[in-house]
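So you can see what is in the structure, the chains are spelled out below.
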Amino acid sequence: LALPMILYFHRLSISGVTANLIVTPMLTLAVPTGLLAVATGWAWPVWLTGALVSAAGRIAHWHARWDPGWRVPDPPLWVAATLIAALLALALWRKRWLLVPALALIALAVWHPFEPRSVKGALELTMLDVGQGEALLIGFPSGQWMMVDGGGIPVFGNRPASTRMDIGEDVVSPYLLTRGIRRIDYAVSTHQHDDHAAGLAAVIENFRPRELWTGATPPSDAWSTLLRAAARHSVRIVPLHRGHRQTIAGVAIETLSPSLEYQPRSTAANNDSLVLRLTYGAHSFLLTGDIERAGEHAMLDGLTPVSVLKVAHHGSKTSTTGVFLDAVQPAFALISAGKDNMFRHPHTEVLQRLSARHIAAFRTDDWGLVTIRSDGRKLALQSNRWRTAD
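Remember, it's a predicted structure, so these values are computed and weren't measured experimentally.

A. Region of the structure containing unusual backbone geometry. Of note, the amide linkage connecting S257 to P258 takes the cis form, showing an omega dihedral of 5°. Each neighbour pair has its own omega, and for H345 with P346 the value is -10°, a cis peptide bond. With respect to the helices, strands and loops of the structure, P346 is situated in the loop between β14 (332-335) and α12 (348-356). Unlike most non-glycine residues, R208 shows phi in positive territory, near 45°. For R208, the location among the structural elements is in the loop between α8 (200-207) and β7 (211-214). One non-glycine residue with positive phi stands out, namely S234, at about 55°. Along the chain, the position of S234 falls in the loop between α9 (221-232) and β8 (236-239).

Spelled out as structure tokens, the structure:
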């Protein structure tokens, strides 16, 4: 089951090798004793069945505590096919020596010395489909990776989240592992609203970035969780402000917001957002977080035309004003929004502003995951769904 576990769960458990030797016989015995208890109502089979099930659970839990819980990326096709062939040969011919290549291939899959799937020499921006949240993957021309936000379930007031699903663990991490990515170099938390920040802690836990870039960070549960995850893995916290510039693999990265003068409120707000402009060759990508009208106007004097705009705040009408669009003049706009979301994002007014300026809009609620790549001269766009552009 090693290969199915890797492909479906991106995990390989070794506890089953020993736990099943004890647990399987116990649960096998619990079936007839349980049926006897149901049929007769006698006390002793009820007690015996309960004891067997309880003991099996404790044994499995004890093994799970010591299981390494490896996160394993998808293996290359040739590794998976060769492993299947080795297991079939072992089943057909039952030669003990055939265990050696099978175990060696499993070890190779876990070690995973293979390069992630990417286009070398290209700057990649992938907007993941995380519902009513946001998570962006940046691939640099040299093979480095950056995760901008990690999605999450929106939480309102003091009410608990309506689901225990962790978008970072259950959606973002599996996608990265499917791409063959074991480590990311940079994590970016644009601001501390749960639909952006809640999933980023799992990304830090699973992919251990070297740095965590942040905008304004008033106290919040999301920020406290991120700080704890960063501390566990010695991730350096890097607060950024307007005017900061650096270059990664030929990609110029400039921070446009927040300014040094910006004073966050006591709770997280959209205008806390870290806004980054990435420039590679002839193309620029503008990543805006959830910045609203006031934040857009505050950075107008630093704006120049870009090729790709990540539309702020899921296409809310509080952002992406006409004057802002006239300043950045993108050819493409990417919008992260959940299907049939309660906020009705993206708003009709925003879509009309984009359409009036002949800006092609690609939405995750319509197109699913969207990727744009630039080799510095040409742009290429792909999606995991087919439909006709408006």
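B. Region of interest: the sheet that holds strand β13 (residues 308-310). Judged by pairing direction, the sheet is mixed, and its 7 strands sit side by side in the order β9-β10-β11-β12-β13-β14-β15 without closing on themselves. Every other strand in the sheet has two partners, leaving β9 (245-248) and β15 (360-363) as the edge strands with one partner each. Within the sheet, the average angular offset between the axes of one strand and its neighbour, ignoring direction, is 20°. Pairing between β13 and β14: 3 bridges, direction parallel. Each bridged residue has a counterpart across the sheet, and for L309 the counterpart in β14 is A333.

C. Focus on the pattern of salt bridges. Under the counting rule described, the total for this entry stands at 18 salt bridges. A salt bridge links R236 to E211, with the shortest nitrogen-to-oxygen separation between them at 2.6 Å. Of this pair, R236 sits in strand β8 while E211 is found in strand β7, placing the two residues 25 residues apart along the sequence. A salt bridge links R242 to D301, with the shortest nitrogen-to-oxygen separation between them at 2.4 Å. Placement of the pair is R242 in the loop between β8 and β9 and D301 in the loop between α10 (293-298) and β13, with a sequence separation of 59 residues. A residue is classified by how much of its surface remains accessible, and R242, at 29% relative accessible area, is partly exposed. One connected set of salt bridges, linked through shared partners, spans K339, R363, D365 and D366.

D. Representation of the sheet that holds strand β16 (residues 370-374). Strand order across the open sheet formed by 8 strands is β8-β7-β6-β5-β4-β3-β16-β17, with mixed pairing between neighbours. Pairing within the sheet leaves two strands with one partner each, and these edge strands are β8 and β17 (379-383). Each neighbouring strand pair of the sheet contributes to a mean axis angle of 20°, computed without reference to strand direction. Where strand β6 (residues 186-189) lies against β7, 4 bridges are found, and the strand directions are parallel. Opposite Y186, over in β7, you have E211 as the bridge partner. The strands touched by α8 within the sheet are β5 (145-148), β6 and β7, with β6 carrying the most contacts at an inclination of about 170°. This element, α9, spans β6, β7 and β8 of the sheet and lies at about 135° to β8.

E. Region of the structure containing the pairing of β7. Alternating residues of β7 divide into E211 and W213 and L212 and T214, and every residue in both groups is buried. Of the pairings in the sheet, the one linking β7 to β8 comprises 4 bridges and is parallel in character. Looking across to β8, one finds that L212 is bridged to I237. Crossover β7 to β8 through α9 is right-handed.

F. Representation of the packing of α8 against α9 within the structure. Their axes nearest at 9 Å, the elements α8 and α9 cross at an angle of 5°. It follows from the interaxial angle that α8 and α9 lie roughly parallel. Contacts between α8 and α9 involve L200, A201, I204 and E205 from the former and T225, L226, A229, A230 and R232 from the latter. Class assignment for the residues of the contact of α8 with α9 results in 6 nonpolar, 1 polar and 2 charged.

G. Broad picture of helix α6 (residues 167-178). Across its 12 residues, α6 extends 15 Å between first and last C-alpha, which sits within 8% of the 16 Å expected from 1.5 Å per residue. Looking at α6, one finds that the buried residues are I167, G168, V172, S173, Y175, L176 and L177. Packing partners of the buried residues in α6 comprise β2 (70-71), β3 (123-127), β4 (136-139), β5 and α8. Where α6 begins, the capping side chain belongs to D166, and its oxygen is found 2.9 Å from the backbone nitrogen of G168.

H. Region of interest: the side chain of Q132. When you line up the elements, Q132 lands in the loop between β3 and β4. At 3.1 Å, the side chain of Q132 forms a polar contact with the side chain of H345. Filtering out sequence-adjacent residues up to four positions away, Q132 remains in contact with G152, P154, D195, H314, A337, G338, N341, F343 and H345.

Cut-offs applied
Residues numbered from 1 in each chain as written. Predicted model: local features only at pLDDT ≥ 70, side-chain atom pairs only at ≥ 80, totals over all residues. Heavy atoms only, no water. Helix = DSSP H or I, 4+ residues; strand = E, 2+ residues; numbered from the N terminus. Pairing = 2+ DSSP bridges. Axes fitted to C-alpha atoms, helices over the stretch in contact; angles between N-to-C directions. Salt bridge = Lys/Arg side-chain N within 4 Å of Asp/Glu carboxyl O. Buried < 20%, exposed > 50% of the residue type's maximum accessible area, 1.4 Å probe, protein only. Contact = heavy atoms within 4.5 Å. Right-handed = clockwise from strand over helix to strand, strands pointing away. Parallel < 35°, antiparallel > 145°, perpendicular 65-115°, else oblique. Nonpolar A, V, L, I, M, F, W, Y, C, P; charged D, E, K, R; others polar. Expected span 1.5 Å × (residues − 1). Polar contact = N/O pair within 3.5 Å; in protein donor to acceptor, adjacent residues only side chain to side chain.

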